[in-house]
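One letter stands for each residue in the lines below.
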Amino acid sequence: MNEIIGNTQAGVTNRSLDPQDWSEFRALAHRMLDEAIDGIANVRARPVWQPIPDEVRAAVRTDLPREATDLAEVYREFSEHVAPHATGNVHPGFMGWVHGGGTAVGMVAEMLAAGLNANLGGRDHMPIEVERQIVEWMRGLFGFPQGASGIFVTGTSMANLMAVLVARTNALGTMVRQHGIGNDGALLTAYASKAAHGCISRAMDIAGFGTDALRKIDVDAEHRIDVAALRAQIAADREVGFKPFLVTASAGTVDIGAIDDLKAIAELCREEGVWFHVDGAFGALAILSPELAPLLEGIGLADSIALDFHKWGQVPYDAGFLLVRDGERHRQAFAHPAAYLSREARGLAAGAVWPCDLGPDLSRGFRALKTWFTLKTFGTDRLGAVIARSCALAKYLETRVLADPRLELLAPVNLNIVCFRYRAGDAVNREIVADVQESGIAAPSSTTLDGKFAIRAAIVNHRTAETDIDALVAAVLEFGAKRSGGVIEIEAPPLAAQ
């Protein structure tokens, strides 16, 4: 480009940041879009992930830019330094953390949202109506009543925190927002399984209760919360004067994808008069699959559900979501009157409940649009089929592990997560994970189960196929043989034979 877009040209200052030459900007923008589409279409041609060279890190560590730079040059730097070294979850070989693969549809929807530059904190405009429509869809999907509320957030970590805050207000009343939790709040206790995501403890910390107020309950052989132990702990806490106020169940635990007995927990919470929250970060969307939905029996009885559309929903990051059964209780936890946010009978400031009444953010992007595009373009039947397919691929990986004496299955395969290891020590398996990642063949992650280091494969990407599973297994076996000298440790019979 001959001129600097949106800054100066021929020594004349442009007060606006818009391009001086729209046709030239358009040509470059089309090239950017084409190359972004090519990157997705040809994703298998590149490594899943690759280490970042020192010179690439150094290239972006510059002083604050005070002078303008040509947009084409900035894009060149992005293409050379940033794009090749992304997380890699667009690639079908990414099987590490529970990251969705995104779609080209979601990508262009994000572009359209950026063009509108809408703030969804409040006011009367169609982007908020789109978000409200998705809330209504989710209300119906999970069987919540009229009057239920929902809101888009960054992710389930934030949604879980907000659920704790709603439950806190429900337990202590709205004055807690003015006076703090006080002596009564110090007696409140919450419950989750030992397999629950760490963000639940963080939520208790941030909400002012402290992590000790979260009772971590043992799990059964299927890694689900032990409901009898939960009941006993609630009774023991009441006996000594504590006040149970919240149980968080997991619909897809972080390590192995276990789903707690949601129906039994719902019944217990109803008996005890405590808030029933479901952390369904990825597992809640199993409801889209007719064959998996029965695993979620009881989820519709929850007081609140947290989930991520950017996982199994394949929406580009970020698109977390909180659904609350009682919209008024939700509003009471966050609404804050202010003169500059007054609601009018007509005009742009019209409308009743604004999204800023349902969460901590006043400035909010249009996350709902890429979700709306995804749901409307693909339909829930197809998305449900993708979810079921990822679970079938996990079962395929399970059969590959059980069939090879060099590999060991470490946990039941509940949904889409497989935890296994090469039959060698933790140190060898730790190196295997790094070797596989650095090879660019696949990107598993790791965890620890029953004291053993595990290779963890979470199959979430809609692009993943059997060939990608085969490539992962072959890589683990190859690097395992190299790291162990071909020696395997037989510590116990394979899980299938036990």
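Enquirer: Outline the overall build of the chain, listing residues and values.
Expert: From N to C terminus, the chain includes 15 helices and 14 strands. Relative to the 2.2 N^0.38 estimate, which gives 23 Å for 498 residues, the radius of gyration of the chain is 25 Å and therefore close to what a compact globule would have. Considering only C-alpha atoms, the chain reaches an extent of 75 × 65 × 45 Å along its principal axes. Relative to its 498 residues, the chain shows a buried fraction of 48%. Across the chain, the fraction of contacts at a sequence separation of at least 24, relative to all contacts at a separation of at least 6, is 73%.

Enquirer: Give me the lowdown on the confidence of the model for the chain, citing residues and values where you can.
Expert: Counting all residues, the mean pLDDT for the chain is 94, and 95% of those residues have values of 70 or more. Every residue in residues 6-11 is under pLDDT 50, and counting partners more than four places away or in other chains gives 13 contacts. Across residues 492-498 the pLDDT falls below 50, and counting only partners more than four positions away or on other chains, this stretch makes nine contacts in the model.

Enquirer: Quick rundown of the layout of surface pockets? Include the residues and the values.
Expert: Counted as a void, the largest pocket has a volume near 1400 Å³. Together, 44 residues line the largest pocket, and Met32, Ala36, Ile40, Phe78 and Met107 are the ones closest to its centre. Among the elements of the structure, α1 (22-41), α3 (71-82) and α4 (104-116) are those that each provide at least two residues to the lining of the largest pocket. In terms of residues, the lining of the largest pocket owes the most to one element, α1, which gives eleven residues. Considering only residue class, the lining of the largest pocket consists of 25 nonpolar, 14 polar and five charged. The computed volume of the second largest pocket comes to approximately 380 Å³. Lining of the second largest pocket is provided by 25 residues; of these, Val98, His197, Val254, Ala281 and Lys311 occupy positions nearest its centre. For the lining of the second largest pocket, the elements supplying multiple residues, two or more each, are α6 (156-172) and β13 (443-449). For the lining of the second largest pocket, the leading source of residues is β13, giving three residues. A per-class count over the lining of the second largest pocket returns seven nonpolar, 13 polar and five charged.

Enquirer: Now, about the environment of Gly298: what can you tell me, with residues and values included?
Expert: The residue Gly298 is located in the loop between β8 (275-279) and β9 (304-308) in this model. On the basis of relative accessible area, Gly298 is assigned to the buried category, the value being 14%. When near neighbours in sequence (up to four residues on either side) are disregarded, Gly298 contacts Leu262, Lys263, Ala266 and Phe276.

Enquirer: Outline the nonpolar core, listing residues and values.
Expert: Side chains of nonpolar character tend, in soluble globular proteins, to be buried together. Among the nonpolar cores identified, the biggest contains 67 residues, and Phe142, Phe276, Ile299, Ile305, Phe309 and Trp312 are the most heavily contacted of them. Residue contacts for Phe276: discarding those within four places in its chain leaves Val247, Ala249, Leu262, Ile265, Ala266, Cys269, Gly298, Leu301, Ala302, Asp303 and Ser304. By size, the runner-up hydrophobic cluster in this structure holds 33 residues, among which are Val166, Val176, Ile181 and Ala190.

Enquirer: Requested: an account of the packing of helix α14 (residues 426-439) against helix α15 (residues 466-484), with residues and values cited.
Expert: In helix packing, the relevant descriptors are the interaxial angle and the interaxial distance, both defined with respect to the helix axes. Here α14 crosses α15 at 130°, and the two axes come no closer than 9 Å. Put simply, α14 runs oblique to α15. Considering the relative orientation of α14 and α15, their crossing is right-handed. Touching Val428, Glu431, Ile432, Asp435, Val436 and Ser439 of α14 are Leu472, Ala475, Val476, Phe479, Gly480, Arg483 and Ser484, all from α15. Among the residues making up the contact of α14 with α15, the classes are represented as seven nonpolar, three polar and three charged.

Enquirer: Which residues make up unusual backbone geometry, and what values go with them?
Expert: Between Tyr317 and the following residue, Asp318, the backbone shows a cis peptide bond with an omega angle of -10°. Relative to the elements of secondary structure, Asp318 occurs in the loop between β9 and β10 (320-324). The phi torsion at His223 lies on the positive side, around 70°, for a residue other than glycine. With respect to the element layout, His223 can be found in the loop between β6 (214-217) and α10 (227-239). Here Gln314, not a glycine, exhibits a phi torsion of approximately 65°, which is positive. Mapped onto the secondary structure, Gln314 falls in the loop between β9 and β10. Taking relative accessible area as the criterion, Gln314 reaches 2% and is therefore assigned buried.

What counts as what
- Residues numbered from 1 in each chain as written.
- Predicted model: local features only at pLDDT ≥ 70, side-chain atom pairs only at ≥ 80, totals over all residues.
- Heavy atoms only, no water.
- Helix = DSSP H or I, 4+ residues; strand = E, 2+ residues; numbered from the N terminus.
- Rg over C-alpha atoms; globule rule 2.2 N^0.38 Å.
- Buried < 20%, exposed > 50% of the residue type's maximum accessible area, 1.4 Å probe, protein only.
- Contact = heavy atoms within 4.5 Å.
- pLDDT = per-residue confidence, 0-100.
- 1 Å grid on protein atoms, 1.4 Å probe; cavity = no way out; pocket = protein on both sides within 12 Å on 5 of 7 lines; lining within 4 Å.
- Points joined across faces, edges and corners; volume = space filled by probe spheres on them.
- Nonpolar A, V, L, I, M, F, W, Y, C, P; charged D, E, K, R; others polar.
- Core = buried A, V, L, I, M, F, W, Y, C linked by side-chain atoms within 4.5 Å.
- Axes fitted to C-alpha atoms, helices over the stretch in contact; angles between N-to-C directions.
- Parallel < 35°, antiparallel > 145°, perpendicular 65-115°, else oblique.
- Left-handed = near helix turned anticlockwise from the far one by under 90°.

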